[in-house]
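# Geometric and topological summary
Here are the chains, one letter per residue:
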Amino acid sequence: MDVRGQLPVVGVVAVGGALGAAARYGASLAWATPAGAFPWTTLAVNASGCAAIGVLMVLVTEVAAAPHPLVRPFLGTGVLGGFTTFSAYALDTQRLLAAGDAARGVAYMGATVAAALAAVWAATTATRGALVRRTR
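Note that the coordinates shown come from a computational prediction; the quantities given were computed from them, not determined experimentally.

## What to know about the packing of helix 2 (residues 40–62) against helix 3 (residues 71–83)
The interhelical angle for the contact between helix 2 and helix 3, taken along N-to-C directions, is 170°, at an axis separation of 9 Å. The angle between helix 2 and helix 3 places the two elements in the roughly antiparallel class. Across from Val45, Ser48, Gly49, Ala52, Ile53, Leu56, Met57, Val60 and Thr61 in helix 2, the residues of helix 3 making contact are Val71, Arg72, Leu75, Gly76, Leu80 and Phe83. Of the residues contributing to the contact of helix 2 with helix 3, the split by class is 10 nonpolar, 4 polar and 1 charged.

## So, the layout of surface pockets
Put simply, the largest pocket is a space of about 430 Å³. Counting residues per element, the ones that place at least two in the lining of the largest pocket are helix 1 (7–30), helix 2 and helix 4 (86–98). Among the residues making up the lining of the largest pocket, the classes are represented as 12 nonpolar, 6 polar and 3 charged.

## Here's the deal with the side chain of Thr127
Mapped onto the elements, Thr127 comes out in helix 5 (residues 102–135). A distance of 2.7 Å separates a polar atom in the side chain of Thr127 from the backbone oxygen of Ala123. Apart from residues no more than four positions distant in its own chain, Thr127 is found in contact with Val55, Val58 and Leu59.

## A look at the confidence of the model for the chain
For the chain, per-residue confidence averages 94 on the pLDDT scale, and 99% of positions sit at 70 or higher. The least confident element of the chain is helix 4, whose mean pLDDT is 93; the most confident is helix 1, at 97.

Conventions adopted
- Residues numbered from 1 in each chain as written.
- Predicted model: local features only at pLDDT ≥ 70, side-chain atom pairs only at ≥ 80, totals over all residues.
- Heavy atoms only, no water.
- Axes fitted to C-alpha atoms, helices over the stretch in contact; angles between N-to-C directions.
- Helix = DSSP H or I, 4+ residues; strand = E, 2+ residues; numbered from the N terminus.
- Parallel < 35°, antiparallel > 145°, perpendicular 65-115°, else oblique.
- Contact = heavy atoms within 4.5 Å.
- Nonpolar A, V, L, I, M, F, W, Y, C, P; charged D, E, K, R; others polar.
- 1 Å grid on protein atoms, 1.4 Å probe; cavity = no way out; pocket = protein on both sides within 12 Å on 5 of 7 lines; lining within 4 Å.
- Points joined across faces, edges and corners; volume = space filled by probe spheres on them.
- Polar contact = N/O pair within 3.5 Å; in protein donor to acceptor, adjacent residues only side chain to side chain.
- pLDDT = per-residue confidence, 0-100.

Spelled out as structure tokens, the structure:
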């Protein structure tokens, strides 16, 4: 494997990841979650990021014109990978459980998974529908 040939991919993933992580951190500052509260911001970030991934994947895999080969690594792995956050999800869950709020912790675990899956499904379905309507 030619490592040097992968340097552009590594570069766009790094830049995209920095942008996505900065956006996620900005959201956590703008809509901070008080200690012990339900982590709505992290849930919203993960769900909206999954919706964006659904749109992106339809556009880069199902549209006739092939995108530039760095679009998917930059936007998908980089920006959206940096924006969505399993680490904050796990930490928020751990904090709720450690505070003795098992019901809220378990609800958060389930709600995040359900919201993420629903978001990617809905966005994928809506994007495909919009593309079909556009081609008619």
